[in-house]
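# Descriptive analysis of the structure
Here is how the chains run, residue by residue.
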Amino acid sequence: VRNKRRAASEIGVRADLVRLPPSATLDETLREVGRLNERPDCDAILVQSPLPDGLGRAAERRVFDAIDPGKDADGFHPINVGRLVQNRPAIVACTPAGVMELLDRSGIPVAGRRAVVIGRSDIVGKPLALLFLHRDATVTICHSRTPELPSVAATADILAAAIGRPGFVDRRFVKPGAVVIDVGINRVTDPAVAATLFAPDSARWASFERSGAALVGDVHPEVEQVAGALTPVPGGVGPLTIAMLLRNTVRCAQRRAGLAD
Ligand code: NAP
């Protein structure tokens, strides 16, 4: 939240933080979202997930669904998701949008290429697969029940990993020269896990030993040796996600002012 607010203030967007107590009920949370929906000086709303454990997952869906689709900075509302499915102008989920921005700004073509997405979550895997599809890639979506995952992944010209398992994608998953997008952000504190990811004489191992923790992606660092391009973690998709959140925020404001589709 701090990063998002700082980034917002840097581009002159005022970001108000509405902090509800951990004991807030579903009704109280929905009332707060309703108030923000009605406020004329509020262009975009983001509900920071996860909500308190006590509310449960079904409640989270109700809270997200209660956001005015025109103020849906995250692009999670079913109306925005439906518009994305139909390839109509929509507020698109930030992380998948960031991946496309990253590819475009790196001059990496998508049309006609084979894209494999590992992960089928509503917030990353599915919308990312749709974005690839709308850009004329041939798309395969993989998940925890996909048989022979490494060999399916190795058919990809562009491989995106959004799994949530540190270093899961190793060199067996990667066709030499493929573009690899590492969406995963995992905090590793177990030295045994860190030792499978970082060489003992590397700067990352030294940093892990100093701080006792490291942020790592879903892609094993050894993939750097086979991939044609690889996004780093941290510092790859993550910052783009925040940038896309701000773009969505500005877009919501423009649409409310009748200046954008
Ligand atoms: P999620 O909702 O937990 O979904 C994970 C997906 O990975 C599921 O579809 C799951 O398959 C699949 N999966 C899990 N284990 C697998 C396995 N062994 N083999 C194949 N597929 C497997 O996670 P998410 O919200 O999409 O996030 C994924 C990762 O991206 C996390 O590390 C998260 O922190 C990170 N993330 C980063 C950003 C960013 O800004 N960079 C933003 C959002 C998320 P099933 O559906 O079959 O269970």
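Going by the structure above, here's the rest.
Source: prediction; values computed, not measured.

### Things to note about the nonpolar core
Judged by nonpolar contacts, the single largest core of 30 residues is most densely connected at Val99, Leu103, Phe132 and Ile181. Looking at this core, the elements with two or more residues in it are helix H5 (94-105), strand E1 (114-118), helix H6 (125-134), strand E3 (158-161), strand E4 (179-182) and helix H10 (237-256). If you tally residues by element for this core, the top one is H5, at six residues. Among residues more than four places away in sequence, those in contact with Val99 are Leu128, Phe132, Ile181, Val183 and Val237. Listed in part, the 17 residues of the second largest apolar core include Cys142, Ala161, Val174 and Val219.

### A look at the packing of aromatic side chains
Overall, the coordinates contain three aromatic pairs when judged by the stated rule. Ring centres of Phe168 and Phe173 lie 5.6 Å apart, and the angle between their planes is 65°; on these two criteria the pair is classed as edge-to-face. For Phe173, a relative accessible area of 2% translates into the label buried.

### A few points about the site of the ligand
Looking at the ligand, there are 22 residues lining it, with Arg120, Ser121, Ser144, Val183 and Thr241 nearest. Residue Ser121 places a side-chain N or O atom 2.5 Å away from an oxygen atom belonging to the ligand. A distance of 3.3 Å separates a nitrogen atom of the ligand from a polar backbone atom of Val183. Starting from 920 Å² of accessible surface for the ligand in isolation, the protein chains cover 71%. With three residues, the top contributor of residues to the shell around the ligand is H10. Within the shell around the ligand, the residues separate by chemical class into ten nonpolar, ten polar and two charged.

### What to know about the side chain of His77
Looking at the secondary structure, you find His77 in the loop between helix H3 (56-66) and helix H4 (78-85). The exposure class assigned to His77 is buried, which follows from its relative accessible area of 8%. Setting aside anything within four residues of it in sequence, one finds His77 in contact with Phe64, Asp65, Ile67, Pro69 and Asp72.

### Quick word on the state of the cysteines
What the rule picks out here adds up to zero disulfides. Sulfur of Cys252: no disulfide; nearest cysteine sulfur belongs to Cys42 and is 9.2 Å away. According to the relative accessible area criterion, Cys252 is buried, its value standing at 0%.

### Description of the sheet that holds strand E2 (residues 138-142)
The strand order across the open sheet built from five strands is E2-E1-E3-E4-E7, with neighbouring strands paired in parallel fashion. If you trace the sheet from one side to the other, it starts and ends with E2 and strand E7 (229-230), each paired once. Against the sheet, H6 contacts E1, E2 and E3, and its axis sits at roughly 175° relative to E1.

### Thoughts on unusual backbone geometry
Of the consecutive residues Ser49 and Pro50, the connecting peptide bond is found in the cis state with omega at 0°. On the secondary structure map, Pro50 appears in the loop between helix H2 (26-38) and H3. For the bond from Val233 to Pro234, the omega torsion is 0°, close enough to zero to count as cis. Relative to the helices and strands, Pro234 resides in the loop between E7 and H10. Phi is positive for Asp136, which is not a glycine, with a value near 70°. Looking at where Asp136 falls in the secondary structure, it is placed in the loop between H6 and E2. Looking at Asp136, the relative accessible area reads 55%, which means it is exposed. Phi is positive for Glu148, close to 50°, though the residue is something other than glycine.

The rules behind the values
Counting restarts for each chain, with residues numbered from 1 along the sequence as it is written. For this predicted model, a pLDDT threshold of at least 70 governs which residues receive local features, and a threshold of 80 or more governs which side-chain atom pairs are given and counted, while totals over whole chains, interfaces and linings are taken from all residues. Hydrogen atoms and water are omitted, and side-chain values are computed over all heavy atoms in the structure. For the purposes of this section, nonpolar cores are sets of buried Ala, Val, Leu, Ile, Met, Phe, Trp, Tyr and Cys residues that join through side-chain atoms within 4.5 Å. The cut-offs for exposure are 20% and 50% of the maximum accessible area for each residue type, with area from a 1.4 Å probe on protein chains only; residues under the lower value are buried, those over the upper are exposed, and the others partly exposed. Each helix is a run of DSSP H or I of at least 4 residues and each strand a run of E of at least 2, with the numbering of both proceeding from the N terminus. Throughout, a residue-residue contact means that at least one pair of heavy atoms, one from each residue, lies within 4.5 Å. Centre distance within 6.5 Å is the pairing criterion for rings of Phe, Tyr and Trp, where only the six-membered ring of Trp is used; planes under 30 degrees apart are then read as stacked, over 60 as edge-to-face, and the remainder as tilted. Whether a residue is near a molecule or strand depends on its heavy atoms: it is near if one of them lies within 4 Å of it. Throughout this description, a polar contact denotes any pair of N or O atoms lying within 3.5 Å of each other; where both atoms belong to protein, one of them has to be capable of donating a hydrogen while the other can accept it, and for residues adjacent in sequence the pair is counted only when both atoms sit in side chains. For the accessible areas, the method is Shrake-Rupley and the probe is 1.4 Å, while residue cover comes only from the protein chains on display. Classification used: nonpolar for Ala, Val, Leu, Ile, Met, Phe, Trp, Tyr, Cys and Pro, charged for Asp, Glu, Lys and Arg, polar for all others including Gly. A pair of cysteine sulfur atoms is labelled a disulfide when the two atoms are within 2.5 Å. For two strands to pair, DSSP has to find at least two bridges joining them. Helix axes are fitted only over the stretch in contact, all axes being lines through C-alpha atoms; the angle between N-to-C directions runs from 0 to 180 degrees.

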